[in-house]
Amino acid sequence: MQHLDGNVLAGPLIELFGRDMTTATGRCSGCGDVSVLARALVYPDAPGFTVRCRICADVLFTLVQGDEKLWLDLRGLTGLQPPR
Ligand SMILES: [Zn+2]
């Protein structure tokens, strides 16, 4: 399956957080890698977005658009630091 980089998440994350979160720093719960969300591997067809670690490929988070709500599951991140 083809993946995109984390910049494709800019619009949906602005909708959720009210600011650009592609430069937010996340820590992978699988391998401990710390990097900006823009560098993550994004699979846009799964349904919604599945975001995977660029090092170990574990799922960092998923973002799914429901009928009226966005659903964000962050269980693959042990930390998320918004940009300053
Ligand atoms: Zn990882």
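Residues numbered from 1 in each chain as written. Predicted model: local features only at pLDDT ≥ 70, side-chain atom pairs only at ≥ 80, totals over all residues.

1. Focus: the overall build of the protein chain
Part 1 of the argument: Tallying secondary structure elements over the protein chain gives one helix and eight strands in all.
Part 2 of the argument: When the elements of the protein chain are put in sequence order from the N terminus, they spell out β-α-β-β-β-β-β-β-β.
Part 3 of the argument: Its C-alpha radius of gyration of 12 Å places the protein chain within 12% of the 12 Å reference for a compact globule of 84 residues.
Part 4 of the argument: The dimensions of the protein chain, computed from C-alpha atoms along their principal axes, are 35 × 35 × 20 Å. (Helix = DSSP H or I, 4+ residues; strand = E, 2+ residues; numbered from the N terminus. Rg over C-alpha atoms; globule rule 2.2 N^0.38 Å.)

2. Describing the nonpolar core
Part 1 of the argument: Core analysis: the largest hydrophobic core is formed by 12 residues, namely Leu9, Leu13, Met21, Cys28, Leu37, Ala40, Val42, Phe49, Val51, Cys53, Leu60 and Leu63.
Part 2 of the argument: For this core, the elements supplying multiple residues, two or more each, are strand S5 (49-52) and strand S6 (59-65).
Part 3 of the argument: Ignoring any residue separated from it by four or fewer positions in sequence, one finds Val51 in contact with Gly6, Ala40, Val42, Leu60, Phe61 and Thr62. (Core = buried A, V, L, I, M, F, W, Y, C linked by C-beta atoms within 7 Å. Buried ≥ 20, exposed ≤ 12 C-beta atoms within 10 Å, placed from the backbone. Contact = placed C-beta atoms within 7 Å.)

3. Quick word on the confidence of the model for the protein chain
Part 1 of the argument: A residue-level look at the protein chain finds 100% of positions with pLDDT of 70 or above and a mean pLDDT of 94.
Part 2 of the argument: Per-element mean pLDDT across the protein chain ranges from 91 in strand S7 (residues 70-73) up to 98 in strand S2 (residues 25-28). (pLDDT = per-residue confidence, 0-100.)

4. Description of the pairing of S5
Part 1 of the argument: Of the two faces of S5, the one lined by Phe49 and Val51 and the one lined by Thr50 and Arg52 are each fully buried.
Part 2 of the argument: Sheet topology places strand S4 (residues 41-43) next to S5; three bridges connect them, and they run antiparallel. Bridging from a neighbouring strand, Tyr43 pairs with Thr50 of S5.
Part 3 of the argument: Turn length for the S4-S5 hairpin, with the two strands adjacent in sequence and antiparallel, is five residues, and the turn residue Gly48 shows positive phi of about 70°.
Part 4 of the argument: Note that S5 and S6 share four bridges and pair antiparallel. (Pairing = 2+ DSSP bridges.)

5. Description of the sheet that holds S6
Part 1 of the argument: As summarised here, the arrangement of the five strands in space is S1-S4-S5-S6-S7, forming an open sheet in which the pairing is antiparallel. What marks the edges here is a single partner per strand, and that holds for strand S1 (4-5) and S7.
Part 2 of the argument: Running at roughly 95° to S7, helix H1 (residues 10-17) makes contact with S5, S6 and S7 of the sheet. (Axes fitted to C-alpha atoms, helices over the stretch in contact; angles between N-to-C directions.)

6. Digging into the sheet that holds strand S8 (residues 77-81)
Part 1 of the argument: The strand order S3-S2-S8 describes an open sheet built from three strands, whose pairing is antiparallel. Two strands in the sheet have a free side with no partner beyond their single neighbour: strand S3 (34-36) and S8. Neighbour to neighbour, the strand axes of the sheet diverge by 25° on average, direction disregarded.
Part 2 of the argument: Looking at chain direction, S2 and S8 are connected through four bridges and run antiparallel. Directly across from Gly26, in S8, lies its bridge partner Leu80.

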